[in-house]
Amino acid sequence: MAKFFGNLNLVVAVGVVLALAIMLGLDAESFGGTAACIKMTFVWLHVFFGILWIGLLYYLNFVQVPTMPKIPAEQKGAITGHIAPKVFWYFRYAALLTVITGLIVAWNGGFLVLALALQTPGKVRLIGVGMWLALIMAFNVWFIIWPAQKKILGIIEATAEEKAAAAPRALFASRTNLLLSIGMLYAMSAANALVA
């Protein structure tokens, strides 16, 4: 059992198999058939990747960033050399996959253009607001936070001055994402709570 739970990839794979067993074990026809099950699968993937993305955003903002100044210099290498690169890998790909699956969900639902245009009141407009906030956040992850973190973490060559300049940029973009995530989560959850 320890070997199983010690293997992250195996645990995730078994979790996916469990989810698929639940999906396939349900009467697909009573939920609208195969097409509806495919749509539900993309919603599930969107929520999964969104939880991973926002969970890591909150970890970085509530735990790692505020704690780093308190860590002795000789111990910071454990974070910057081992933990942070892994966090940022999952962070940026979770952002990408959240956006991709969200766009697929909106396309499959027939409201992608309406949501992005913010023209339709109610549920679709709320989802559109959430989509725009998430797109801004994903842009920040890939084009501001990650390039700055590559310098800060020493993944690419950077002078001490370049690293010092990158840190406030990364923090500003990360805190912007934290701020935007609060409204984005409201828009998405409220839209899904509405009936029409």
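The coordinates are above.
Residues numbered from 1 in each chain as written. Predicted model: local features only at pLDDT ≥ 70, side-chain atom pairs only at ≥ 80, totals over all residues. Heavy atoms only, no water.

Glancing now at the overall build of the protein chain. Broken down by element type, the protein chain carries 7 helices and 0 strands. Helices and strands in the protein chain line up, N terminus first, as α-α-α-α-α-α-α. For the protein chain, the spread of C-alpha atoms along the principal axes amounts to about 60 × 50 × 25 Å. Taken over 196 residues, the protein chain has a buried fraction of 32%. Counting contacts in the protein chain only where the partners sit at least 6 residues apart, residues at least 24 apart contribute 68% of the total. (Helix = DSSP H or I, 4+ residues; strand = E, 2+ residues; numbered from the N terminus. Buried < 20%, exposed > 50% of the residue type's maximum accessible area, 1.4 Å probe, protein only. Contact = heavy atoms within 4.5 Å.)

The biggest cluster of nonpolar side chains holds 32 residues, and the ones touching the most others in it are W53, F88, F91, I127, M131, M137 and M184. Looking at this core, the elements with two or more residues in it are α3 (33–67), α4 (73–109), α5 (112–117), α6 (123–152) and α7 (160–193). In terms of residue count, α6 provides more of this core than any other element does, 10 residues in total. Once residues within four sequence positions are removed from consideration, I127 is found in contact with F111, A115, M188 and A191. (Core = buried A, V, L, I, M, F, W, Y, C linked by side-chain atoms within 4.5 Å.)

Looking now at a nonpolar patch on the surface. Residues L8, V12, V16, L20 and L24 make up a contiguous nonpolar surface patch of roughly 450 Å² in combined accessible area. With respect to the helices, strands and loops of the structure, L20 is situated in helix α2 (residues 8–25). (Patch = residues over 30% accessible without salt bridge, like charges linked within 9 Å, V, L, I, M, F, W, Y side chains within 5 Å. Areas by Shrake-Rupley, 256 points an atom, 1.4 Å probe, with all protein chains shown as cover. Salt bridge = Lys/Arg side-chain N within 4 Å of Asp/Glu carboxyl O.)

Between α3 and α6, the least distance of the axes is 13 Å, while the angle of their chain directions is 60°. Viewed along their axes, α3 and α6 adopt a mutual orientation that is oblique. When you trace α3 past α6, the crossing you get is left-handed. Contact residues: W53, I54 and L57 in α3; A134, M137, A138 and V141 in α6. For the contact of α3 with α6, a count of residues per class yields 7 nonpolar, no polar and no charged. (Axes fitted to C-alpha atoms, helices over the stretch in contact; angles between N-to-C directions. Parallel < 35°, antiparallel > 145°, perpendicular 65-115°, else oblique. Left-handed = near helix turned anticlockwise from the far one by under 90°. Nonpolar A, V, L, I, M, F, W, Y, C, P; charged D, E, K, R; others polar.)

With that settled, the discussion passes to α6. In an α-helix, one full turn covers 3.6 residues, which means residues spaced three or four apart are oriented alike. For α6, spanning 30 residues, the distance from its first C-alpha to its last is 41 Å, which sits close to the expected 44 Å at 1.5 Å a residue. The largest bend along α6 reaches roughly 40° and is located at V141. In the stretch just after α6, G154 is the one whose phi turns positive, near 80°. (Expected span 1.5 Å × (residues − 1). Bend = angle between axes of the 7 residues up to and from the residue.)

The next point concerns the side chain of N61. Checked against the element boundaries, N61 lands in helix α3. Reaching out from N61, the side chain makes a polar contact with the side chain of R175 at a distance of 2.6 Å. In this structure, N61 is in contact with P66, S174, R175 and L178, ignoring residues within four places of it in sequence. (Polar contact = N/O pair within 3.5 Å; in protein donor to acceptor, adjacent residues only side chain to side chain.)

What follows concerns α2. In this model, α2 (18 residues) spans 25 Å end to end at C-alpha, consistent with the 26 Å of a helix rising 1.5 Å per residue. By the N-cap criterion, in which a side-chain oxygen at the helix start approaches the backbone nitrogen of a residue two or three places on, α2 is capped by N7, the distance to N9 being 3.2 Å.

This part covers the packing of aromatic side chains. Here the structure, examined in full by the defined rule, presents 9 aromatic pairs. Aromatic side chains F88 and W146 sit 6.4 Å apart centroid to centroid with 35° between the ring planes, which places their arrangement in the tilted category. Taken together, the residues span a long stretch of sequence, with F88 in helix α4 and W146 in helix α6 at a distance of 58 residues. The ring of W146 carries R92 above its face, with NZ or CZ at 3.8 Å from the centroid. (Phe/Tyr/Trp six-rings, centres within 6.5 Å; stacked < 30°, edge-to-face > 60°. Lys NZ or Arg CZ within 6 Å of the ring centre and 35° of its normal.)

Another point: the environment of A187. Position of A187 among the secondary structure elements: in helix α7. When its relative accessible area of 1% is taken as the criterion, A187 is described as buried. Separated by 79 residues in sequence, A187 and N108 have C-alpha atoms that sit 19 Å apart.

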